[in-house]
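Topology and contacts: notes
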Amino acid sequence: MSIFGIVMFLLIAGMAFWMLLFLLGFVVPYWITLGVFEKLRPKRVFDYEEEEN
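Residues numbered from 1 in each chain as written. Predicted model: local features only at pLDDT ≥ 70, side-chain atom pairs only at ≥ 80, totals over all residues. Heavy atoms only, no water.

On to helix α1 (residues 2–40), then. Compared with the 57 Å implied by 1.5 Å per residue over 39 residues, the 55 Å span of α1 between its first and last C-alpha is a close match. Along α1, the helix axis deviates most sharply at L23, where the bend reaches about 40 degrees. (Helix = DSSP H or I, 4+ residues; strand = E, 2+ residues; numbered from the N terminus. Expected span 1.5 Å × (residues − 1). Bend = angle between axes of the 7 residues up to and from the residue.)

So this is what it looks like as structure tokens:
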């Protein structure tokens, strides 16, 4: 029964490792890039005023 526990531990640890690798390799850079583009995009204040009238 202890072999089953070791295998389950390694399986869960492996899944956690690959999830963290995916998050650090793809999701975090994608999130940062979207934030940077949002800050660099000019604000459209006048467009909203014209749409309301």
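So, next bit.
So, about the packing of aromatic side chains. Following the criterion strictly, the structure yields three aromatic pairs and no others. Taking the centre distance of 5.1 Å and the plane angle of 70 degrees together, the rings of F17 and W18 count as edge-to-face. Residue F17 is classed as partly exposed on the basis of its relative accessible area of 45%. With relative accessibility at 56%, the residue W18 sits in the exposed group. In this structure an aromatic cluster arises from ring pairing among F22, F26 and Y30. (Phe/Tyr/Trp six-rings, centres within 6.5 Å; stacked < 30°, edge-to-face > 60°. Buried < 20%, exposed > 50% of the residue type's maximum accessible area, 1.4 Å probe, protein only.)

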